[in-house]
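Report on the structure
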Amino acid sequence: AGKQGRRTSYLPLKIHQFISQTNTVHVTLEPPGVREIVCDEAKYIKKDGEERDLYPVLFSRHTGVDFLCVTLDGDNGRIRPRDPDDLSVQTTKKDVVDTARHSGTPINTETFPRGYVLFEKDLWSDDDEEDLPNSWFKKSKKDPRLEDYYRARLPRAIHFDPDGRFSWEAGKKYPLAGWYIPAKLMIDPTCGGIYDERSKEYTKLMRLGNEGRSTATTVLSHSVIGKLTEQGLGDQRNKLLSFTDNR
């Protein structure tokens, strides 16, 4: 009405809107575009008449690619959901190597059952090993060889079904394919980032709400100002007060 010139007085509109921080996003173990997405702390969801596990999702700070938090249950051949904060006890390369030597077991991907599943295509190949740090390779007179400890931390192709049954080999029983990367991340293949063992996981990956409410209110305020401008009432009448308390 004000824009059409039918009013000369205006009723100030006051809205007190509290914008809370978002929860961790959870999804079913399916590709983007097919998966169910839930923004609360639910553990399961009904789909096609069956209960499906929901997996917490973190996002690369550099590329925004989604990392599903999982634990490999090797005894039962299942991919289980994992709380993002449930990480392996901080151990050093020396601890892992010594344990493997004393137990007589090889160091491989399954040495690190807590990790992430990614649905990215062509995420990793043997050629990418050329870009790894020299310190990850054993020196030899012929050709340098990637140490078993570091090879076990690289992305590995994994095949599975929506219920979480998995295999390292492709097969008809496992219609889905992705990549498994052990936690804590020593490499983010989506951006080429390399990390050392002391790096905190939150410096590499983030939850949906980690950007904070200040960013959210900035985006919303920008949108409101844009809508006010579209009304054509003039700068004197367009008012917006916004503040953020991050406590």
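Our subject is the structure that appears above.
Residues numbered from 1 in each chain as written. Predicted model: local features only at pLDDT ≥ 70, side-chain atom pairs only at ≥ 80, totals over all residues. Heavy atoms only, no water.

Before going further, it helps to spend a moment on the pattern of salt bridges. Per the counting criterion, the structure on display carries 18 salt bridges. Of the charged contacts, one joins Arg 52 and Glu 30 as a salt bridge, the two residues approaching to 3.5 Å between their closest N and O atoms. Here Glu 30 lies in the loop between strand S1 (26-27) and strand S2 (37-38) and Arg 52 lies in strand S4 (residues 50-53), a separation of 22 residues in the sequence. An identical accessibility class is assigned to Arg 52 and Glu 30; each is buried. The shortest N-O distance in the salt bridge between Arg 114 and Asp 86 comes to 3.2 Å. Here Arg 114 is found in strand S8 (residues 114-118), whereas its partner Asp 86 is found in the loop between strand S7 (78-81) and helix H1 (93-103), with 28 residues between them in sequence. (Salt bridge = Lys/Arg side-chain N within 4 Å of Asp/Glu carboxyl O. Helix = DSSP H or I, 4+ residues; strand = E, 2+ residues; numbered from the N terminus. Buried < 20%, exposed > 50% of the residue type's maximum accessible area, 1.4 Å probe, protein only.)

Before going further, it helps to examine the nonpolar core. Soluble, globular proteins show a tendency: their nonpolar side chains are buried together. Of all hydrophobic cores here, the largest spans 27 residues; its most connected members are Phe 67, Tyr 116, Leu 118, Leu 132, Trp 136, Leu 146 and Leu 154. Looking at this core, the elements that each hand over two or more residues are strand S6 (66-73), H1, S8, helix H2 (148-151) and strand S13 (176-182). Those residues in contact with Phe 67 that sit more than four places away from it in its chain are Pro 56, Val 57, Leu 58, Ser 60, Tyr 116, Val 117, Leu 118, Ile 181, Leu 185, Asp 188, Thr 190 and Leu 205. Listed in part, the 17 residues of the second largest apolar core include Val 27, Tyr 55, Phe 119 and Leu 176. (Core = buried A, V, L, I, M, F, W, Y, C linked by side-chain atoms within 4.5 Å. Contact = heavy atoms within 4.5 Å.)

Turning to unusual backbone geometry, a few remarks are in order. Here the amide bond leading from Ala 183 into Lys 184 is cis, since omega sits at 0°, within 30 degrees of zero. Here Lys 184 lies in the loop between S13 and strand S14 (187-188). Its identity as a non-glycine residue notwithstanding, Asp 48 has a phi of 55°, on the positive side. Along the chain, Asp 48 turns up in the loop between strand S3 (44-47) and S4. In this structure, Asp 122 is a non-glycine residue whose phi angle is positive, near 50°.

Looking now at a nonpolar patch on the surface. Taken together, Val 224, Ile 225 and Leu 240 make up a surface patch of nonpolar side chains, about 240 Å² in accessible area. With respect to the helices and strands, the residue Val 224 is situated in helix H3 (residues 213-230). Judged by relative accessible area, which is 37%, Val 224 ranks as partly exposed. (Patch = residues over 30% accessible without salt bridge, like charges linked within 9 Å, V, L, I, M, F, W, Y side chains within 5 Å. Areas by Shrake-Rupley, 256 points an atom, 1.4 Å probe, with all protein chains shown as cover.)

This part takes up the packing of aromatic side chains. In this description, a pair of aromatic rings is defined by centroid distance and the angle of the planes. Scanning the entire structure with this criterion turns up seven aromatic pairs. Consider the rings of Trp 136 and Tyr 150, whose centres lie 4.6 Å apart with planes at 5°: the pair is stacked. Taken together, the residues span a long stretch of sequence, with Trp 136 in the loop between S8 and strand S9 (137-138) and Tyr 150 in helix H2 at a distance of 14 residues. Of the two residues, Trp 136 and Tyr 150, both sit in the buried class. Between Tyr 149 and Tyr 150, the aromatic rings sit 5.2 Å apart at their centres with planes inclined by 80°, giving edge-to-face as the arrangement. For the residue pair Tyr 149 and Tyr 150, the accessibility class agrees, reading buried in each case. It is Arg 82 that lies over the ring of Tyr 116; its NZ or CZ is 4.9 Å from the centre. Here Arg 153 stacks its cationic end above the ring of Phe 112, 4.5 Å away from the centre of that ring. (Phe/Tyr/Trp six-rings, centres within 6.5 Å; stacked < 30°, edge-to-face > 60°. Lys NZ or Arg CZ within 6 Å of the ring centre and 35° of its normal.)

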